[in-house]
2 protein chains.
Amino acid sequence: MVNPVLIGIDWGSTSLRAWLVAADGTVLAERTAEQGASTLKGHAAFIAALDAVTQGWDKALPQLACGMVGSTHGWLEVPYAHCPAGAAALAAGLRRPDDGPHIVPGVLFDDGVLPPDLMRGEETQVAGALQQNAALRARSCIVLPGTHAKWVQVQDGCIARFATHMTGELYAVLRRHSVLGRLMPDNATPDPQAFLQGVDAAREHGDLGLPHQLFAVRSLGVTGRLPAAALADYLSGLVIGHELRAGLQWRAAAGLAAAPLALAGEPQLCARYGTALERFGHPAALVLDNTAPAGLLALARAAGLLLTEAP
Amino acid sequence: MVNPVLIGIDWGSTSLRAWLVAADGTVLAERTAEQGASTLKGHAAFIAALDAVTQGWDKALPQLACGMVGSTHGWLEVPYAHCPAGAAALAAGLRRPDDGPHIVPGVLFDDGVLPPDLMRGEETQVAGALQQNAALRARSCIVLPGTHAKWVQVQDGCIARFATHMTGELYAVLRRHSVLGRLMPDNATPDPQAFLQGVDAAREHGDLGLPHQLFAVRSLGVTGRLPAAALADYLSGLVIGHELRAGLQWRAAAGLAAAPLALAGEPQLCARYGTALERFGHPAALVLDNTAPAGLLALARAAGLLLTEAP
């Protein structure tokens with residue numbers, strides 16, 4: 001039987017996931033809870049949420065958390081590490097509330113020219129991806145799809161630079177709150193062909209601009225060119241296509257066009273991005289599942305938290 | 001004293017405006033009401049709304065309406081005129097519900113390659129702009145800012161092609177419903193400098209993609225690079241900048257880079273677009289106010305509705 005060496009927690013704004021992790025990275029147990037960092041107020045609330053989700057687990061194990069739990073509105077604000085940021089810098093930046101877990105810092109990109117960019121949580125997924133895949137360490141581009149998707153340039157094991165695309169949120173607010181959502185039925189079956197049509201519109205005619213191309217979701221629906229049930233997937237393809245169009249160009253401009261391109265995150269969303277990347281002629285070399293547990297283990301090790309490890 | 005020759009109505013989804021118009025285009029009276037086409041159901045409701053807004057006006061005058069009143073969900077569906085569409089085609093496409101006003105058709109652009117595009121109401125503003133400004137008739141580009149902004153290519157007095165940019169709605173839903181709005185105070189004073197910063201971000205770095213650049217509204221706020229009160233104007237500049245970037249390229253691709261560029265619509269919004277266009281090095285040659293009354297008059301005349309005119 002394998003013993004756990006770490007309690008790892010990915011503590012986002014709206015939910016959290018906790019894992020019992022073995023020394024080789026094996027996840028021995030997983031739990032989820034709805035006590036996201038933005039739903040809790042005050043030290044005692046965080047302590048109680050952590051106690052609840054780790055009930056019955058060995059409290060003597062080191063605990064390491066990443067995500068919005070370390071933000072201004074989280075448990076304890078943990079200052080951002082600056083790019084380039086690798087495991088050593090992240091480990092050096094851990095902070096810990098009294099009786100609480102160590103918390104991983106987020107990462108700030110700021111070159112003084114472009115607006116700064118921010119991540120909290122994804123740096124740990126990147127650390128996990130690099131831990132598990134040697135081929136990504138020297139030079140690579142890792143894409144983490146999501147509400148706020150991250151495109152990460154890796155150089156020499158560090159996050160050299162990154163860019164957030166708020167594609168997931170853009171899709172959600174347009175679907176729920178704009179005129180585009182009005183034609184969409186609630187329970188449409190997935191339409192992969194309409195998704196590809198949206199991707200292709202961005203790929204072939206993206207110069208027409210996203211504010212213009214979005215309106216096609218309405219005009220295609222109103223004129224009956226696309227059935228109402230296809231419009232949500234068309235919109236999804238369009239916004240993901242615009243992200244890929246810009247992201248691939250940004251990656252190429254950094255000299256990473258020949259370096260491995262990896263997707264990491266929720267499998268269904270990664271599959272969607274994978275299909276779209278193929279359409280752009282840049283298939284993902286690797287598609288990884290959630291690498292946060294591996295990242296938490298790697299950072300706990302780098303920080304010397306794994307006291308039970310043999311010297 | 002000047003006699004009115006027409007009751008003109010711009011009857012949109014959420015409101016309507018009615019005018020008493022003289023033979024030379026002078027607006028003798030204006031009224032507004034909240035009975036937009038999407039708020040009314042059934043013939044009698046439209047009749048009542050029209051009666052209310054035209055109370056005391058001479059019912060013997062011809063009446064001409066444009067806008068969403070002619071849509072599927074309006075009073076009477078009026079089939080779209082197809083590009084290229086000029087005053088003659090629009091006049092030929094008028095339809096009239098019993099005891100109701102004549103209604104101007106919308107315009108459909110469909111080249112069989114790109115998704116189709118639609119307008120209802122703006123064709124009348126374009127007709128008014130062309131009526132009032134001979135310099136725009138042969139070849140021009142007319143931009144009508146708004147919730148769904150229209151870029152219109154005019155050739156030989158006709159709407160040759162057009163493109164909708166849903167910039168206004170994009171701004172509104174992101175401000176009200178996305179994470180970007182959360183940092184914005186309700187009562188910020190205008191910040192023209194932040195608006196220009198947003199325009200410049202789109203102009204200089206638009207290749208990074210709108211889904212990415214939007215996130216700067218958050219990162220600039222969180223890092224304190226922009227005060228919270230400046231973020232709404234930065235967002236406005238960013239989305240308008242992306243519209244202009246794409247629209248100016250589309251205009252140039254049509255060979256209209258040297259043809260007059262005009263803005264038409266609500267003065268404050270036109271001023272915003274005017275400032276942004278200057279930033280792009282393409283100042284508007286003309287800035288027009290609401291040209292809908294002039295357009296309704298021109299179309300009524302083209303359709304032979306102005307019975308009181310001397311032969």
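Scroll up to find the structure this text is about.
Asks: Mind showing me how you'd approach the pairing of strand β4 (residues 63–66) of chain A here?
Replies: Strand residues, when the strand is regular, have side chains that alternate between the two faces of the sheet. Residues and elements named next belong to chain A. Alternating residues of β4 divide into Gln63 and Ala65 and Leu64 and Cys66, and every residue in both groups is buried. As judged from the 4 bridges shared by strand β1 (residues 4–11) and β4, these two strands associate in the parallel manner. Residue pairing for β4: Ile7 is matched across the bridge by Gln63. In this sheet, strand β6 (residues 102–103) lies alongside β4 in parallel orientation, the contact comprising 2 bridges. Among the inter-strand pairings, Ala65 is bridged to a residue of β6, identified as Ile103.

Asks: Quick question: what am I supposed to make of the interface of chain A and chain B here?
Replies: Listed by partner, the interface residues are 47 residues for chain A and 46 residues for chain B. When the two sides are added together, the surface that chain A and chain B hide from each other amounts to roughly 3700 Å², 72% of it contributed by carbon and sulfur. Among the residues of chain A in contact with chain B, Met166, Pro211 and Phe215 of chain A are the three that bury the most area, contributing 18% of the side total. Here chain A and chain B share 2 salt bridges between them. Asp110 of chain B is the salt-bridge partner of Arg225 of chain A, the closest N and O atoms lying 2.3 Å from each other. For the pair chain A and chain B, the number of links is 13 residue pairs in polar contact (both at pLDDT 80 or more). At the level of secondary structure, the elements contributing two or more residues to the side of chain A that touches chain B comprise β8 (117–119), β11 (158–165), α4 (167–177), α5 (179–182), α7 (210–213), α8 (215–222) and α9 (231–253) of chain A. With 7 residues, α9 of chain A is the largest single contributor of residues to the side of chain A that touches chain B.

Asks: How do you make sense of the packing of aromatic side chains when you look at a structure like this?
Replies: Each pair of aromatic rings is reported with the distance of its centres and the angle of its planes. Taken as a whole, this structure holds 8 aromatic pairs over all chains when the rule is applied. Relative to Trp75 of chain A, the ring of Phe46 of chain A has its centre 5.2 Å away and its plane inclined at 20 degrees; by these criteria the two rings are stacked. Residue Phe46 of chain A is located in helix α1 (residues 43–53), and its partner Trp75 of chain A is located in the loop between β4 and β5 (81–82); the two are separated by 29 residues in the primary sequence. Like Trp75 of chain A, Phe46 of chain A is buried. Each residue in the set Trp11, Phe46 and Trp75 of chain A is aromatic and connected to the rest through ring pairs, giving one cluster. Cation over ring: Arg120 of chain B sits above Tyr80 of chain B, and NZ or CZ is 4.2 Å from the ring centre.

Asks: Help me understand the pattern of salt bridges, please; the structure alone is not making it clear to me.
Replies: Pairs may arise between side chains of opposite charge once their charged atoms sit close together. Residues and elements named next belong to chain B. By the definition in use, this model includes 18 salt bridges over all chains. Arg161 serves as the salt-bridge partner of Asp111, at 3.7 Å between the closest nitrogen and oxygen. Taken together, the residues span a long stretch of sequence, with Asp111 in the loop between β7 (107–109) and β8 (117–119) and Arg161 in strand β11 (residues 158–165) at a distance of 50 residues. Since its relative accessible area comes to 25%, Arg161 is described here as partly exposed.

Asks: Honestly, unusual backbone geometry in this entry has me stumped. Any pointers?
Replies: As a rule of thumb, non-glycine residues mostly have phi less than zero, and peptide bonds are mostly trans rather than cis. Residue and element names in this part refer to chain A. Across the junction of Cys83 and Pro84, the peptide omega takes the value -5 degrees, indicating a cis bond. If you trace the backbone, Pro84 turns up in the loop between β5 and α2 (87–92). For Asp156, which is not a glycine, the phi torsion comes out positive at approximately 50 degrees. The residue Asp156 is located in the loop between β10 (149–155) and β11 in this model. Owing to a relative accessible area of 66%, Asp156 belongs among the exposed residues under this scheme.

Asks: Explain α8 of chain A to me, please; I cannot follow it from the model alone.
Replies: Think of an α-helix as 3.6 residues a turn; residues three or four steps apart then line up on the same face. For α8 of chain A, the tally of buried residues reaches 6 of 8 residues, placing the bulk of the element in the interior. Residues Phe215, Ala216, Val217, Ser219, Leu220 and Gly221 of chain A constitute the buried set of α8 of chain A. Buried residues along α8 of chain A sit in contact with α5, α7 and α9 of chain A together with β8, β10 (149–155) and β11 of chain B. One or two positions beyond α8 of chain A, positive phi appears at Gly224 of chain A, with a value near 75 degrees.

Asks: Quick question: what am I supposed to make of the sheet that holds strand β12 (residues 261–264) of chain B here?
Replies: Strand pairing in a sheet relies on backbone hydrogen bonds. The paired strands run either parallel or antiparallel. Residue and element names in this part refer to chain B. An order of β11-β10-β9-β12-β13 is seen for the 5 strands of this open sheet, with the pairing classed as mixed. In the strand order of this sheet, the two ends are held by β11 and β13 (286–288), each with one partner. Each neighbouring strand pair of the sheet contributes to a mean axis angle of 20 degrees, computed without reference to strand direction. Here helix α3 (residues 122–132) sits on the sheet and contacts β9 (139–144), β10, β11, β12 and β13; the angle it forms with β9, its principal contact strand, is near 130 degrees.

What counts and how
- Counting restarts for each chain: residues are numbered from 1 in the order of the written sequence.
- Here chains are named by letter from A upward and ligands by number from 1 upward, in the order in which they appear as written.
- In view of the model being predicted, local features appear only for residues whose pLDDT reaches at least 70, and side-chain atom pairs are presented and counted only at 80 or more, with totals across whole chains, interfaces and linings using the full set of residues.
- Side-chain metrics in this entry use all non-hydrogen atoms of the structure; hydrogen atoms and water are not considered.
- Exposed residues in this analysis have more than 50% of their type's maximum accessible area, buried residues have under 20%, and partly exposed residues fall in between, with area computed by a 1.4 Å probe over protein chains only.
- Secondary structure is summarised from DSSP: a helix means a run of H or I of at least four residues, a strand means a run of E of at least two, and numbering begins at the N terminus for each.
- Any two strands are treated as partners once DSSP identifies two or more bridges connecting them.
- Pairs of residues are marked as contacts when any of their non-hydrogen atoms sit within 4.5 Å.
- Defined here as a combined quantity, buried area equals the accessible surface (1.4 Å probe) lost by two parts on assembly, summed across both.
- Basic side-chain nitrogens of Lys or Arg form a salt bridge, by our definition, when they fall within 4 Å of a carboxyl oxygen of Asp or Glu.
- N or O atoms within 3.5 Å of each other form a polar contact, as long as, within protein, one can give a hydrogen and the other can take it, and as long as residues adjacent in sequence are counted only when both atoms are side-chain atoms.
- Here the aromatic set is Phe, Tyr and Trp, taking the six-membered ring for Trp, and pairing holds for ring centres within 6.5 Å; pairs whose planes are under 30 degrees apart are stacked, those over 60 apart are edge-to-face, and all others are tilted.
- As a reminder, the over-ring test applies to NZ of lysine and CZ of arginine, requiring each to be within 6 Å of the ring centre and within 35 degrees of the ring normal.
- Each axis is a line fitted through C-alpha atoms, taken for helices only over the stretch in contact, and angles between the N-to-C directions span 0 to 180 degrees.

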